[in-house]
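Chain by chain, the residues:
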Amino acid sequence: MTNHYYSRTPDVESKPFQWEFTLRNHRFLFKADQGVFSKKEVDFGSRLLIEMFELPEVEGPILDVGCGYGPIGLSLAKSYRDRTVHMVDVNLRALQLAEENARLNHITNVKVYESDRLDGVKDGIFAAIVTNPPIRAGKKVVHEIFEQSFEHLAKGGELWVVIQKKQGAPSAMEKIEQLFGTVEIVEKKKGYYILKAKKR
């Protein structure tokens, strides 16, 4: 069975539906479906990451790794119109929804494409990389996202991660610190950590 949201082609039946949500003081219309992460509402972790994110001072695009149907990437694209936001996921159904949601919300400064971790990210060094990583895909996958993010960040660029304490925040912090030299806890709420690391 490939019903996981981190499967390339979920085999659960498609039953799309739409709903509205406010993020960063912007009203969004989202189309979601079965077989994608947090399909009925923007999950608390993603909302916290969206709320806490601040743009680094360095120039360049933003990358949303594991974008799902698009709430993180699209809300940042709407807030930072002068930046291009790359949105990647391994789930083809999620990518189709992300593209549709960009159109529904008249957001044009995005590039949506398939990538397993950051393997499909060919062009560009990023000012910021944001991720609500696919915890259920396993620690190895999550840590590879951190490693590849370090390689794809500009000097002074920042990695922003949301992760639950019970789902591996301590080991994530250890891994990020190993890569970046330091990691900052920006916020802790309801068991979720917002982590930030700057590439020196």
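Right above here is the structure, for reference.
Note that the structure is a prediction, hence the values are computed from the model and not measured.

A.B. asks: I'd like a rundown of the environment of asparagine 105, residues and numbers included.
C.D. replies: Mapped onto the secondary structure, asparagine 105 falls in the loop between helix H3 (92–104) and strand S5 (110–114). Sequence-wise, asparagine 105 and leucine 74 are 31 residues apart; in three dimensions their C-alpha atoms are separated by 8.6 Å. For asparagine 105, the side chain forms a polar contact with the main-chain oxygen of leucine 29, separated by 2.8 Å.

A.B. asks: Give a description of helix H5 (residues 169–180) that names residues and reports values.
C.D. replies: Taking 1.5 Å per residue, 12 residues should reach 16 Å; H5 reaches 16 Å between its end C-alpha atoms and fits that length. Every buried residue of H5 is accounted for by Ala169, Ala172, Met173, Lys175, Ile176 and Phe180. Taken down its axis, H5 places every buried residue within 165 degrees of arc, on the same side. Facing away from the buried side of H5, by more than 90 degrees, are the exposed residues Glu174 and Gln178. In the core, the buried residues of H5 are packed alongside helix H4 (139–152), strand S7 (153–164), strand S8 (184–189) and strand S9 (192–198). In the stretch just after H5, glycine 181 is the one whose phi turns positive, near 90 degrees.

A.B. asks: Tell me about the packing of aromatic side chains, and name the residues and values.
C.D. replies: This structure, assessed with the given rule, holds nine aromatic pairs. Each ring, one from tryptophan 19 and one from tyrosine 69, has its centre 5.9 Å from the other, and the planes form 85 degrees; the classification is edge-to-face. Of this pair, tryptophan 19 sits in strand S1 (residues 17–23) while tyrosine 69 is found in the loop between strand S3 (62–65) and helix H2 (71–79), placing the two residues 50 residues apart along the sequence. Summarising the burial analysis for this pair, tryptophan 19 and tyrosine 69 share the class buried. Each residue in the set Trp19, Phe21, Phe28, Phe30 and Tyr69 is aromatic and connected to the rest through ring pairs, giving one cluster. It is lysine 78 that lies over the ring of phenylalanine 28; its NZ or CZ is 5.5 Å from the centre. The cationic tip of lysine 199 hangs over the ring face of phenylalanine 150; the distance from NZ or CZ to the ring centre is 4.6 Å.

A.B. asks: Describe the sheet that holds S8, listing the residues and the values that go with them.
C.D. replies: With respect to topology, seven strands assemble into an open sheet ordered S5-S4-S3-S6-S7-S9-S8, the strand pairing being mixed. Two strands lie at the open edges of the sheet, namely S5 and S8, each paired on one side alone. Strand after strand, the sheet turns through a mean of 15 degrees between neighbouring axes, direction not considered. Pairing of strand S6 (residues 126–131) with S7 involves five bridges; the strand directions are parallel. For phenylalanine 126, the partnering residue across the bridge sits in S7 and is leucine 153. Together, S6, S7, S8 and S9 form the strand contacts of helix H1 (residues 44–52), whose direction differs from that of S9 by roughly 40 degrees. The sheet contacts of H3 involve strand S4 (85–89) and S5, and relative to S5 the element is tilted by about 165 degrees.

A.B. asks: Hey, could you go over the nonpolar core for me, with residue numbers and the actual values?
C.D. replies: Here is a general trend for soluble globular proteins: nonpolar side chains tend to be buried in one another's company. Ranked by internal contacts, the top residues of the largest apolar core, which has 38 residues, are Phe30, Tyr69, Leu74, Met87 and Val110. For methionine 87, the contacting residues outside a window of four places in its chain are Asp64, Cys67, Gly70, Gly73, Leu74, Leu95, Ala98, Val110, Lys111, Val112 and Tyr113. Judged by nonpolar contacts, the second largest core, of 25 residues, contains Val121, Ile163, Met173 and Phe180.

The rules behind these values
- Residues numbered from 1 in each chain as written.
- Predicted model: local features only at pLDDT ≥ 70, side-chain atom pairs only at ≥ 80, totals over all residues.
- Heavy atoms only, no water.
- Helix = DSSP H or I, 4+ residues; strand = E, 2+ residues; numbered from the N terminus.
- Polar contact = N/O pair within 3.5 Å; in protein donor to acceptor, adjacent residues only side chain to side chain.
- Expected span 1.5 Å × (residues − 1).
- Buried < 20%, exposed > 50% of the residue type's maximum accessible area, 1.4 Å probe, protein only.
- Arc of directions from axis to C-beta.
- Contact = heavy atoms within 4.5 Å.
- Phe/Tyr/Trp six-rings, centres within 6.5 Å; stacked < 30°, edge-to-face > 60°.
- Lys NZ or Arg CZ within 6 Å of the ring centre and 35° of its normal.
- Pairing = 2+ DSSP bridges.
- Axes fitted to C-alpha atoms, helices over the stretch in contact; angles between N-to-C directions.
- Core = buried A, V, L, I, M, F, W, Y, C linked by side-chain atoms within 4.5 Å.

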